[in-house]
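# Topology and contacts: notes
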2 protein chains.
Amino acid sequence: MDKFMQAAIDEARQGLAEGGIPIGSVLVHNGQIIGRGHNRRVQQGSAIRHGEMDALENAGRQSAQTYRESVLYTTLSPCAMCSGAILLYGIPKVIIGENQTFLGEEALLRERGVQLDVLHNNECLHLMQAFIATQPTLWNEDIGE
Amino acid sequence: MDKFMQAAIDEARQGLAEGGIPIGSVLVHNGQIIGRGHNRRVQQGSAIRHGEMDALENAGRQSAQTYRESVLYTTLSPCAMCSGAILLYGIPKVIIGENQTFLGEEALLRERGVQLDVLHNNECLHLMQAFIATQPTLWNEDIGE
């Protein structure tokens, strides 16, 4: 397993252990994780701290150049908000754990030239399947449904 | 002047007074402001707290139904990230102060059925023109350029 996707999964599991939604993400620049995070809807009562957003926030203020040399890893296909953040900062490549439980804005990202790699990772899939089965209302809230 | 756009401008001015980027936003539901905010890149070292995101975060966790009955006011045309958040939560209407200093993802929002009203407000315009003229590097950072 790619060590960066493993780090994103570790973040997702940490979120789950905190009673949160198990989605994690890391931002990687020059082979180093510069930001890592997980969904904090439950933990912080947050409407904007999806896993990817949390990783970007924890990376802090970065130059446009840094974003354009970075790769974002996320355990789940990025929603419209997180996809918009990817486009804002011009992140050229996103590695996605799975897109079976939720298909985000992959078509838009591809159309705008972002390279996507969907791993169809079973650990990511099972984390979300189990979570959605047990907490469907919370999950729907997180995706605005 | 619409009192809600005035509230968004008040937020922008508060951000400026704090040494930040003068963009403000309010989320309105049933004629009441349920979240208000401004850009906090400087104040919090934040990569994700654009004005609209800050207003959404400060509104806290809301139901899908609430978002779908809400109107978002913002002093500046929403960037890809903020537009993505609007799409995620299905906010049906956005009132924009100005889109001359920065044109965000208005075409995408319209294509997805979001109603936009651009006010071409001079106060919003002058706030941003003055800011961009004095702090171009900070402004470019905020829009990933």
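Residues numbered from 1 in each chain as written. Chains lettered and ligands numbered in written order. Predicted model: local features only at pLDDT ≥ 70, side-chain atom pairs only at ≥ 80, totals over all residues. Heavy atoms only, no water.

Under an unreviewed UniProt entry, the name given to chain A is Cytosine deaminase, and the organism recorded is Pseudomonas peli. For chain A, the Subunit (unreviewed entry) comment in UniProt is given as "Homodimer." UniProt annotates chain A under Pathway (unreviewed entry) with the comment "Pyrimidine metabolism." (UniProt positions renumbered as here; feature names shortened; annotations may be inferred.)

Our focus in this paragraph is the packing of helix α5 (residues 80-89) of chain A against helix α5 (residues 80-89) of chain B. Running from N to C, α5 of chain A and α5 of chain B cross one another at 170°; their axes reach a closest spacing of 7 Å. Viewed along their axes, α5 of chain A and α5 of chain B adopt a mutual orientation that is roughly antiparallel. Residue-level inspection shows Ala-80, Met-81, Gly-84, Ala-85, Leu-87 and Leu-88 of chain A of α5 of chain A in contact with α5 of chain B, the latter providing Ala-80, Met-81, Gly-84, Ala-85, Leu-87 and Leu-88 of chain B. Partitioning the contact of α5 of chain A with α5 of chain B into residue classes produces ten nonpolar, two polar and no charged. (Axes fitted to C-alpha atoms, helices over the stretch in contact; angles between N-to-C directions. Helix = DSSP H or I, 4+ residues; strand = E, 2+ residues; numbered from the N terminus. Parallel < 35°, antiparallel > 145°, perpendicular 65-115°, else oblique. Contact = heavy atoms within 4.5 Å. Nonpolar A, V, L, I, M, F, W, Y, C, P; charged D, E, K, R; others polar.)

What follows concerns the sheet that holds strand β2 (residues 32-38) of chain A. Residues and elements named next belong to chain A. Here we have five strands laid out as an open sheet, ordered β2-β1-β3-β4-β5, and mixed in their pairing. A strand with exactly one partner marks an edge of an open sheet, and here the two such strands are β2 and β5 (115-118). Averaged over all pairs of adjacent strands, the angle between strand axes in this sheet comes to 15°, irrespective of strand direction. Pairing of strand β1 (residues 24-29) with β2 involves six bridges; the strand directions are antiparallel. By the bridge assignment, His-29 is partnered in β2 with Gln-32. The strands touched by helix α3 (residues 51-59) within the sheet are β1, β2 and β3 (70-76), with β2 carrying the most contacts at an inclination of about 130°. (Pairing = 2+ DSSP bridges.)

Residues and elements named next belong to chain B. Within the structure shown, the criterion is met by 18 salt bridges over all chains. The partner of Glu-11 in a salt bridge is Arg-36, and the shortest N-O contact between them spans 2.7 Å. Highlighted residues: Glu-11 in helix α1 (residues 3-17) and Arg-36 in strand β2 (residues 32-38), separated in sequence by 25 residues. For Arg-36, a relative accessible area of 36% translates into the label partly exposed. (Salt bridge = Lys/Arg side-chain N within 4 Å of Asp/Glu carboxyl O. Buried < 20%, exposed > 50% of the residue type's maximum accessible area, 1.4 Å probe, protein only.)

Moving on, we get to the pairing of strand β4 (residues 93-98) of chain B. Residues and elements named next belong to chain B. The element β4 is largely enclosed, with a buried count of five among its six residues. Here strand β3 (residues 70-76) pairs with β4 via five bridges, running parallel. Counterpart to Thr-74 in the pairing with β4 is Ile-96. Taking the sense of rotation as the criterion, the β-α-β connection linking β3, α5 and β4 turns out right-handed. One ladder, built from four bridges, connects β4 with strand β5 (residues 115-118); its direction is parallel. Considered in β5, the bridge of Lys-93 is made with Gln-115. In this fold, the crossover linking β4 to β5 by way of helix α6 (residues 106-111) has right-handed handedness. (Right-handed = clockwise from strand over helix to strand, strands pointing away.)

All names here are of chain A. An ideal rise of 1.5 Å per residue puts 18 Å on 13 residues; helix α7 (residues 122-134) measures up with 18 Å between its terminal C-alpha atoms. Considered for burial, the residues of α7 that qualify are Cys-124, Leu-125, Leu-127, Met-128 and Phe-131. The arc that holds the buried residues of α7, viewed along the axis, is 165°, so those residues lie on one side. Those residues of α7 that are exposed and angled more than 90 degrees off the buried face are Ala-133 and Thr-134. Taken together, the buried residues of α7 touch α1 (3-17), β3, β4 (93-98) and α8 (136-142). Put simply, Asn-121 is the residue that caps the front of α7, since its side-chain oxygen is 2.8 Å from the backbone nitrogen of Glu-123. (Expected span 1.5 Å × (residues − 1). Arc of directions from axis to C-beta. Polar contact = N/O pair within 3.5 Å; in protein donor to acceptor, adjacent residues only side chain to side chain.)

All names here are of chain A. Look at α1 against α7: their axes get within 11 Å of each other, and the N-to-C directions meet at 20°. Taken together, the axes of α1 and α7 lie roughly parallel to each other. For the crossing formed where α1 meets α7, the hand is left-handed. Facing α1, whose interface residues are Met-5, Gln-6, Ile-9, Ala-12, Arg-13 and Leu-16, α7 presents Glu-123, Cys-124, Leu-127 and Phe-131. A breakdown of the residues in the contact of α1 with α7 according to their chemical character gives seven nonpolar, one polar and two charged. (Left-handed = near helix turned anticlockwise from the far one by under 90°.)

Let us now look at the relation of the copies chain B and chain A. Screw-axis analysis of chain B against chain A gives a translation of 0.0 Å along the axis, an RMSD of 0.0 Å, and a rotation angle of 180°. Such a turn and shift between the copies fits a two-fold axis. Of the C-alpha atoms belonging to chain B, the one lying closest to the rotation axis is found on Gly-84 of chain B, 2.4 Å away. An overlap of 100% is found between the interface residues of chain B and their copies at the interface of chain A, pointing to a shared contact surface. (Least-squares fit on C-alpha atoms with pLDDT ≥ 70 in both.)

Turning our attention to the packing of aromatic side chains. Residues and elements named next belong to chain A. Under the definition given, this model contains six aromatic pairs over all chains. An angle of 50° between the planes, with centres 5.4 Å apart, marks the rings of Phe-4 and Tyr-73 as tilted. Separated by 69 residues along the polypeptide, Phe-4 in helix α1 and Tyr-73 in strand β3 bring together distant segments of the chain. For the pair Phe-4 and Tyr-73, a shared accessibility class is recorded, and that class is buried. (Phe/Tyr/Trp six-rings, centres within 6.5 Å; stacked < 30°, edge-to-face > 60°.)

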